[in-house]
Each structure stands twice: as C-alpha cells, then as structure tokens.
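So you can see what is in the structure, the chains are spelled out below.
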Amino acid sequence: MNRFVAWFHRWGSPKHFYDMSGRWAPWMAALFFLTFIPGLYYSLIGSPPDYQQGESARIMYIHVPAAWMSMFIYGVMALAGAITLIWKMKMADIVAQVSAPIGASFTFLALVTGSLWGKPMWGAYWVWDARLTSELILLFLFLGYIALTTSIDDKRTAARAGAVLALVGVVNLPIIHYSVEWWSTLHQPSTVKVMGKSAIHLSMLIPLLLMSFAFKFYYAWVVLSSARAEVLDRDKNAKWAADVAQAQAGEMPS
Amino acid sequence: MNEFFSMGGYAAFVWPSYGLGLVILIAHIAAPTMRRRRLLSEIARCLRREARAAAKAESNEGSKA
C-alpha cells in the first residue's frame, strides 16, 4: 500500500510527470501507427464490401470506433472527476481538461460519419432517434464541460465544477448504450458484443478492432502530450521548467 | 484504381468520413506538440532577458564604485 501511495504521489509531481510522459508518448505513438496503418488497409482494401450496403459499409470502421471513443473518453473524464473531488489530485484534473476537446471531436466525428452513412442507407442525414439524440447530448456535455471550466479563472474552482458536471453527465452513458434496446430506433442494435457471440464476420471484425485499438492508443498519446504541455504551462516559472527549456535551447542551433 | 476511389458510388459519403477522421487525428496531436515548443522557447527567451538584465545591473554597480 505504501509503495502504491508513493507511486501515486510521484505522478502528482509536475516534473516527474513531464519526464515520464515524454518517455511514454513515443511508445503510444508507435502502438498507434502499428494498429492504424494495417487498420486503414483492412478498412479500405482488405475487407469485403457489405452484401447489402456495398462499399458504404466502410464508414463503419471510422464511425463505430469514434462512437466507442466518445463514450470511453467521457468515462475517463468522469473517473478523473471523481479522483479530483476525493483526493484533490491536480493531475487527474489535467487529464480531464485535456480529454474534453478530444472527446468532443470523437463525438462530432461519430455524429458526422453516422450522418454520412445514414443518408445513403436510411435516406436522411438526421433522424431524432434515441441513439442519435443521446449521442448529440454527449457532444453538448463535452462542450458544456469545456465552456464551464474555461470560464472559471480559479483553477481549483474550475476543476471542482468540471468534475461535478462530468459525474452528473455519466447518466447519459448507459442511456446511449441501451438506447437501441429501450426504444424502437432506426439505428441498429449492437453487433459487436464483449459477452457472447458477435454478429459480425471476422473479415469485418479485424479492421473494426484494429481501428478501435488505434484510436485508444491515439488517445493515450494525445493525453500524454497535451498533459505534458499543460503541466509545463502551469509550472513555467519553476526551476525545473527553466532547466528543461535551457537544455532544449542548448540542443538547438542558435 | 478508379474503381477504388469511386467506392461503388458511395465516394461522396466514404471519403469525407475518412477525411474528417484524419483531420481530427492530425489536429489533436499537432496542437500540444506546437504548444510545448512555443512554451519552451518562451521560457528560454525569458531566461536570456533576465540574464542580460542581471549582467547590466552588475556592470552598473561596477561603474558606480
């Protein structure tokens, strides 16, 4: 337990975080490219067209991983919010803050690709069905979080207010997930299941899983890089920041 | 090749989906990288200015004495 607490505290130190994130980010980038490049190949070339939807089904390999990411990132933000409220850990707040714009972008991507897929298949860019509406609410939650936290000048008050908003919004996640079962929606129910047999052929499951792993690694890469920049910004008058800047300047030709 | 780009007639729906995805991926990783670089050069500039000011103050002290 003591070792765990010590580990927890070290991650709370800005300088330690700056060093560690600098070491971890390239690995996340490597894992991203290792999954994204074959993922892109299998999405566009290496998988068959759908027998009903033809080539338009390829939108799925962006749409579904993006939608999964939108919920995953919101979950991370809510968890970080809980840690912020309980242990007042600054790093948790930074993770939540830098996650919000990426989460909003993935939600936006899921909505736009869904719309682009819906037009040829359903005949409409948008319908007010439960799945689409609850995902749109998720976008508003992300945007609301960003607006709220950036409008409060005091960082600790902003962190607390953001954490409360993130936690309250969690109620939307099961609504999104079960919307296709609870209501009669135009959106299809889940095809890929964690428990039980998935109703998707392996040739389509492979690109789908590759892309969703790629997006996960990408998110880890971006969070590390963004939090790294944020930590440096908050601590720019500290001695360690000066040392880092000087070492960097020494490397660059003047 | 043309067949690939036409996406069975769904090019107008498939390519914008992948395009937007790519734009989002590039934007979110470029922004923190550029921000950190800007911060580091800003800090280095501040340090140089402080060092110059300190050196000037020291030489002024020297001329007074």
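Right, let's walk through the structure included here. (Residues numbered from 1 in each chain as written. Chains lettered and ligands numbered in written order. Predicted model: local features only at pLDDT ≥ 70, side-chain atom pairs only at ≥ 80, totals over all residues.)

### Section: the overall build of chain B
Across its full length, chain B holds 2 helices and 0 strands. Rg of the C-alpha trace for chain B: 27 Å, well past the compact-globule value of 11 Å for 65 residues, more than 25% over. The proportion of buried residues among the 65 residues of chain B is 18%. (Helix = DSSP H or I, 4+ residues; strand = E, 2+ residues; numbered from the N terminus. Rg over C-alpha atoms; globule rule 2.2 N^0.38 Å. Buried ≥ 20, exposed ≤ 12 C-beta atoms within 10 Å, placed from the backbone.)

### Focus on the packing of helix α3 (residues 60-87) of chain A against helix α4 (residues 90-122) of chain A
Residue and element names in this part refer to chain A. Viewed as axis vectors pointing N to C, α3 and α4 meet at an angle of 155 degrees, and their least axial separation amounts to 8 Å. Classified by the interaxial angle, the pair formed by α3 and α4 is roughly antiparallel. Relative to α4, the crossing made by α3 is left-handed. A per-class count over the contact of α3 with α4 returns 19 nonpolar, 9 polar and 1 charged. (Axes fitted to C-alpha atoms, helices over the stretch in contact; angles between N-to-C directions. Parallel < 35°, antiparallel > 145°, perpendicular 65-115°, else oblique. Left-handed = near helix turned anticlockwise from the far one by under 90°. Nonpolar A, V, L, I, M, F, W, Y, C, P; charged D, E, K, R; others polar.)

### A word on the interface of chain A and chain B
The partner chain B presents 23 residues to the 34 residues of chain A that form the contact. Among the residues making up the side of chain A that touches chain B, the classes are represented as 19 nonpolar, 9 polar and 6 charged. (Contact = placed C-beta atoms within 7 Å.)

### Points about the packing of α3 of chain A against helix α6 (residues 155-169) of chain A
Residue and element names in this part refer to chain A. In contact at an axis separation of 8 Å, α3 and α6 are set at 130 degrees when each is read in the N-to-C sense. With respect to each other, α3 and α6 are oriented oblique. The handedness of the crossing between α3 and α6 is left-handed. Contacts from Tyr74, Met77, Ala78, Gly81, Ala82, Thr84 and Leu85 in α3 reach Ala159, Arg160, Gly162, Ala163, Ala166, Leu167 and Gly169 in α6. The class makeup of the residues in the contact of α3 with α6 is 9 nonpolar, 4 polar and 1 charged.

### Considerations on the environment of Ala12 of chain B
All names here are of chain B. Mapped onto the elements, Ala12 comes out in helix α2 (residues 11-64). Owing to 12 C-beta atoms within 10 Å, Ala12 belongs among the exposed residues under this scheme. Ala12 sits 37 residues away from Arg49 along the chain, and the two C-alpha atoms are 54 Å apart.

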